[in-house]
Amino acid sequence: MKLSPLCCALPMYNVKDSGIATEEDSLDINHTTNTQQPNALRMNSASAHDLRCLEVEKEKQDPRSPRGALEACLTQSSISSSSSSIDDPPLNREAIEDTDADAQCKNHRASSNWGKFFKLWKRKSIKRLSSFPPLSGAPSISKRNKSADPHINGLILHDIYDFQSSLHNFSITDIEMATDHFNPENIIGRGGYAEVYQGILPEGKLIAVKRLTKGTPDEQTAEFLSELGIIAHVDHPNTAKFIGCCIEGGMHLVFRLSPLGSLGSLLHGRSKDKLTWSRRYKVALGTADGLMYLHESCQRRIIHRDIKADNILLTEDFQPQICDFGLAIWLPKQLMHHNVSKFEGTFGYFAPEYFMHGIVDEKTDVFAFGVLLLELITGHRALDESQQSLVLWAKPLLDKKAIRELVDPSLGDEYNREELSRLTSTASLCIEQSSLLRPKMSQVVELLIGKDGVVMSPREAKRKILQRTYSEELLDSVEYNSTKYLRDLDRIREIALAS
Ligand SMILES: Nc1ncnc2c1ncn2[C@@H]1O[C@H](COP(=O)(O)OP(=O)(O)OP(=O)(O)O)[C@@H](O)[C@H]1O
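Basis of the calculations
- Numbers given to residues run from 1 along each chain, matching the order in which its sequence is written.
- With the structure being a predicted model, the display of local features is reserved for residues of pLDDT at least 70 and the display and counting of side-chain atom pairs for 80 or more, all residues being used for whole-chain, interface and lining totals.
- Only hydrogens and water are set aside; all other atoms, that is, all heavy atoms of the structure, feed into the side-chain values.
- Secondary structure follows DSSP: runs of H or I at least 4 residues long count as helices, runs of E at least 2 residues long count as strands, and numbering of each begins at the N terminus.
- Think of it in three bands: residues with accessible area under 20% of the maximum for their type are buried, residues over 50% are exposed, and the middle band is partly exposed, with areas taken using a 1.4 Å probe on protein chains only.
- Note on areas: Shrake-Rupley, 1.4 Å probe, and residue coverage restricted to the protein chains presented here.
- Classification of ring pairs uses Phe, Tyr and Trp, with its six-membered ring standing for Trp, and accepts pairs whose centres are within 6.5 Å; under 30 degrees between planes counts as stacked, over 60 as edge-to-face, and the remaining range as tilted.
- Cation placement over rings: the criterion is NZ of Lys or CZ of Arg within 6 Å of the ring centroid and within 35° of the ring normal.
- Two strands pair under a simple rule: DSSP has to find at least two bridges between them.
- The salt bridge definition used is simple: a Lys or Arg side-chain nitrogen within 4 Å of an Asp or Glu carboxyl oxygen.
- Note on definitions. A residue lies near a molecule or strand when any single heavy atom of the residue is within 4 Å of it.
- Polar contact is the term for a pair of N or O atoms within 3.5 Å; when the atoms are in protein, one must be able to donate a hydrogen and the other to accept it, and sequence-neighboring residues count only if both atoms are side-chain atoms.
- Think of it as three bins: nonpolar holds Ala, Val, Leu, Ile, Met, Phe, Trp, Tyr, Cys and Pro, charged holds Asp, Glu, Lys and Arg, and polar takes everything else, Gly as well.
- We call two residues in contact when some of their heavy atoms are within 4.5 Å.
- Fitting a line to C-alpha atoms yields each axis, with helices limited to the stretch in contact; the angle taken between N-to-C directions then spans 0 to 180 degrees.
- Orientation categories follow fixed angle ranges, with anything under 35 degrees roughly parallel, anything over 145 roughly antiparallel, 65 to 115 roughly perpendicular, and all other angles oblique.
- The hand of a helix crossing depends on one turn: near helix anticlockwise from the far one by less than a right angle means left-handed, and clockwise means right-handed.

Caption draft 1: Just the overall build of the protein, in detail. Along its length, the protein carries 21 helices and 14 strands. A total of 499 residues make up the protein; the buried ones form 56% of that total. Roughly 22300 Å² of accessible area belongs to the protein as shown, and the carbon and sulfur atoms make up 52% of that amount.

Here it is as structure tokens:
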């Protein structure tokens, strides 16, 4: 079951009182005020909103944040196009107008460059964005940006805009031609926010067009910018290939088509037999590599927050590509974790600390990756039709190493025992209830490939990865068992269904 971002407020466990440094949703622009929030949360909404506005201003100053990168681009664009500004068409208010009566935020929007962003995208003359900083080898922006010298800052901007992005600004005519006017027969996927159409460009390139369909125009804009701000900076063989976007007639993100669709559709569909053991192993390794890149090798830490089989696309040679960055956040280095006040994500993949405290960090992705490994091994869904959790079913079997009972019957004996053993022991570590005992993704990769020929036992691995953080200490001090996990799962499900 997928939770929509605004449908369900996270029950608060008074994290502030327990001493954890909390932070408003400073990085996730999805988090607008939720009218369905319980009273306690609603009472806080005014100050949270003010804080949010302040945070937005702070993000705009940081050229490495999604908002900062776009703002920087727009500042530059308005500098370079200042002479022609008189001729500019009026802003596309429709896309950004907010019905919110909050005067402060209206003022913020009036002075914001976001309107210009949409205007830029809409201009036919600008077909290519040169707005996003390079993905690698970028100038050390944060360091140099400390200088108050406008000349130096000008140089930095110059560096940024010299980057020739290959992102394309499609017109709605391009998109309609490619998808045969959004012919329903071309729908290849439906998610919580979007319909995805396959299409073909005049030069023959196959594309997938993600058309945002759910929510109000404001919510769609927030979702669009949130995903765009992350994917435009992500470039790895195991992440979805973003080509460009179109903001005419709605919000559209354009990707290279992954011909085999998602891992979820294959694993739980009629073509399951295509997923031989060696392909499953390849998918596990590739996904781990992609996630390690997001957590540890990007300019900023990216937490995906919705790792699941449906969000792993497959190329024709079964190379996995992580997609759907709609919930992803950038986490500042100095922040141990991020606290959210609303549930977003997918049932069956939630880590206990997310249930308990709304804590989001790399380890919540690691937990979801562990569930994904279990899906690959067992062929079961994360949550089956009767809402039974795969984690709770598999845990006792993992503990007593009943591997034959775990393995997908459709594989028969067609699997590599050593690889299977690595996958099961890694899965077992990833779904540890205490995030402290879960490995980092770089450790996961090592475990999966059996580095140095050593297959680590969970006990050995636990000893190796002991690295306590404050939040981990706190979590560890709370006795968290399967009963509590189940209770939390039920409670969150009830809240989600009630709202
Ligand atoms: N590039 C692509 N190539 C092929 N299929 C795709 C592609 N992108 C998306 N899909 C299909 O569309 C589905 C939905 O896409 P996506 O997850 O991005 O939408 P969403 O609305 O954000 O979904 P969610 O509810 O998971 O947040 C995917 O599970 C996949 O089956």
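Caption draft 2: Representation of the packing of aromatic side chains in the model. A full pass over the atoms with the stated rule returns five aromatic pairs. For the pair Phe347 and Phe350, a centre-to-centre distance of 5.6 Å together with 70 degrees between the ring planes defines the contact as edge-to-face. The residues Phe347 and Phe350 share a single accessibility class, namely buried. Chaining the aromatic ring pairs together yields one cluster made of Phe347, Phe350 and Tyr354. When the ring centre of Phe182 is taken as reference, the NZ or CZ atom of Arg211 above it lies at 3.8 Å.

Caption draft 3: Structural context of the pairing of strand β5 (residues 206-212). Within β5, five of the seven residues are buried, which leaves the element mostly enclosed by the surrounding structure. One ladder, built from seven bridges, connects strand β4 (residues 194-200) with β5; its direction is antiparallel. Bridged to Tyr197 within β5 is Val209. Between β4 and β5, which pair antiparallel one after the other, the connecting turn spans five residues, and Gly204 there sits at a positive phi close to 100 degrees. Where β5 meets strand β7 (residues 252-256), five bridges bridge the pair, whose relative direction is antiparallel. Bridge assignment links Ala208 to a residue of β7, and that residue is Phe255.

Caption draft 4: Quick peek at the pattern of salt bridges. Going through the model one piece at a time under the given rule, you end up with eleven salt bridges. Three or more residues joined by partner-sharing salt bridges are found here, namely Lys210, Glu227 and Asp324.

Caption draft 5: Expanded view of the site of the ligand. Every one of the 20 residues lining the ligand counts as a neighbour, but Gly192, Lys210, Ser258, Asp310 and Asp324 are closest to it. One nitrogen or oxygen atom from the main chain of Ser258 is found 2.9 Å from a nitrogen atom belonging to the ligand. Asp310 is positioned with one of its backbone polar atoms (N or O) 2.8 Å from an oxygen atom of the ligand. Within the complex, 93% of the 620 Å² of free accessible area of the ligand lies under protein. Looking at the shell around the ligand, the elements that each hand over two or more residues are β3 (187-190), β4, β5 and β7. Looking at side-chain class alone, the shell around the ligand contains eight nonpolar, six polar and six charged residues.

Caption draft 6: Just helix α18 (residues 441-449), in detail. Listed as buried for α18 are Met441, Ser442, Val444, Val445, Leu447 and Leu448. Just downstream of α18 lies Gly450, where phi reads positive at about 60 degrees.

Caption draft 7: Region of the structure containing the side chain of Gln220. Position of Gln220 among the secondary structure elements: in helix α10 (residues 217-231). Accessibility expressed as a relative area gives 14% for Gln220, which makes it buried. Aside from chain neighbours lying at most four places away, what touches Gln220 is Leu212, Thr213, Lys214, Gly215 and Met251.

Caption draft 8: Quick peek at the packing of helix α17 (residues 417-430) against α18. Between α17 and α18, the shortest axis-to-axis distance is 8 Å and the interhelical angle comes to 155 degrees. In terms of axis orientation, α17 runs roughly antiparallel to α18. For the pair α17 and α18, the sense of crossing is right-handed. Taking contact as the criterion, the partners of Arg422, Leu423, Thr426, Leu429 and Cys430 in α17 are, on α18, Val444, Leu447, Leu448 and Ile449. The class makeup of the residues in the contact of α17 with α18 is seven nonpolar, one polar and one charged.

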